[in-house]
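Tertiary structure, described
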Amino acid sequence: GESVGLHLPTLSVQEGDNSIINCAYSNSASDYFIWYKQESGKGPQFIIDIRSNMDKRQGQRVTVLLNKTVKHLSLQIAATQPGDSAVYFCAENNQKLVFGQGTRLTINP
Amino acid sequence: DARVTQTPRHKVTEMGQEVTMRCQPILGHNTVFWYRQTMMQGLELLAYFRNRAPLDDSGMPKDRFSAEMPDATLATLKIQPSEPRDSAVYFCASGPLRDVDNEQFFGPGTRLTVL
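Residues numbered from 1 in each chain as written. Chains lettered and ligands numbered in written order. Predicted model: local features only at pLDDT ≥ 70, side-chain atom pairs only at ≥ 80, totals over all residues. Heavy atoms only, no water.

**Overview of the interface of chain B and chain A**
Facing the 21 residues of chain B at the interface are 17 residues of chain A. Regarding the contact of chain B and chain A, the summed buried area is about 1400 Å², with carbon and sulfur atoms giving 51% of it. Connecting chain B to chain A are zero salt bridges. Of all the elements in the fold, those that place two or more residues in the side of chain B that touches chain A are strand 4 (31-38) and strand 5 (42-50) of chain B. The greatest single-element share of the side of chain B that touches chain A, amounting to four residues, is contributed by strand 5 of chain B. Partitioned by chemical class, the residues of the side of chain B that touches chain A number 10 nonpolar, seven polar and four charged. (Contact = heavy atoms within 4.5 Å. Buried area = accessible area lost by both parts, 1.4 Å probe. Salt bridge = Lys/Arg side-chain N within 4 Å of Asp/Glu carboxyl O. Helix = DSSP H or I, 4+ residues; strand = E, 2+ residues; numbered from the N terminus. Nonpolar A, V, L, I, M, F, W, Y, C, P; charged D, E, K, R; others polar.)

Have a look at this one:
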């Protein structure tokens, strides 16, 4: 069946460095992808999305890359800040959203 | 600013009791989603509504769970009878457009503990 998974359950980076969070998806029919950020005790918060007819999209300090050939999605966060500490989920859409298990990002001072 | 609200934020109940969780979607949004989050299963879609009509509730145990939208400003998720395995955080989300392939705005969640 379809699944969305993350390569790493945890990621630790130095403050100021760039972070890259990866996600693999298995359903080649998925046409839309979203990255969410979830802070402790809060609901997921939309970060950025990308449609399958694109391979890159940029936001404020964040970039999402989509490689449909290998069914891989990544979220890049530039100049990581303490406020970026959270669990990050990728989600793919094919009829409905399916979420990955999440990657916990921690920032070292 | 507009946001999804959920009540209660926390609920502790005993096995067998009825639990009702409420959600007020963002005004003007016409899709509403219910999710359950646990450490083991992550985020699972339970049900979603479009223009108040249920479109997909395949993720929801039908024998004890029910989801309704009595009006455009209120969505409810009910569990009767509740069981300890229902303990989780339940999120409601709403979306501004007609299709599911668009941004969903999540509420703060209801943390349910069934003893």
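There is more to say after this.
**Focus on the packing of aromatic side chains**
Taken as a whole, this structure holds 11 aromatic pairs over all chains when the rule is applied. Taking the centre distance of 5.2 Å and the plane angle of 35° together, the rings of Tyr-35 of chain B and Phe-106 of chain B count as tilted. Here the residue Tyr-35 of chain B occupies a position in strand 4, and Phe-106 of chain B occupies one in strand 10 (residues 105-106), the gap between them amounting to 71 residues. For Phe-106 of chain B, a relative accessible area of 11% corresponds to the buried category. In textbook terms, an aromatic cluster arises when at least three aromatic residues are bridged by ring pairs, as seen for Tyr-36, Phe-46, Phe-89 and Phe-99 of chain A together with Phe-33, Tyr-35, Tyr-48, Phe-91 and Phe-106 of chain B. (Phe/Tyr/Trp six-rings, centres within 6.5 Å; stacked < 30°, edge-to-face > 60°. Buried < 20%, exposed > 50% of the residue type's maximum accessible area, 1.4 Å probe, protein only.)

**Things to note about the environment of Thr-69 of chain A**
Residue and element names in this part refer to chain A. Summarising the element assignment, Thr-69 is placed in the loop between strand 7 (62-67) and strand 8 (72-77). Accessibility expressed as a relative area gives 74% for Thr-69, which makes it exposed. The spatial distance from the C-alpha of Thr-69 to the C-alpha of Ser-28 is 9.0 Å, given a sequence separation of 41 residues.

**Brief notes about the side chain of Gln-37 of chain B**
With respect to the helices and strands, Gln-37 of chain B occurs in strand 4. For Gln-37 of chain B, the contacting residues outside a window of four places in its chain are Gln-38 and Phe-89 of chain A together with Gly-42, Leu-43, Ala-88, Val-89 and Phe-91 of chain B.

**Focus on the side chain of Thr-110 of chain B**
The topology assignment puts Thr-110 of chain B in strand 11 (residues 110-114). Polar side-chain contacts of Thr-110 of chain B include one of 2.5 Å to the backbone oxygen of Pro-8 of chain B. (Polar contact = N/O pair within 3.5 Å; in protein donor to acceptor, adjacent residues only side chain to side chain.)

**Examining the sheet that holds strand 8 (residues 74-79) of chain B**
Residues and elements named next belong to chain B. Strand order in the open sheet made by the four strands is 1-3-8-7, with antiparallel pairing throughout. The sheet is open, and its two edges are formed by strand 1 (5-7) and strand 7 (65-71), each paired on a single side. Ignoring strand direction, the axes of neighbouring strands in this sheet form an average angle of 20°. Across five bridges, the pairing between strand 3 (residues 19-24) and strand 8 is antiparallel. In the sheet register, Cys-23 faces strand 8, and the bridge partner there is Ala-75. (Pairing = 2+ DSSP bridges. Axes fitted to C-alpha atoms, helices over the stretch in contact; angles between N-to-C directions.)

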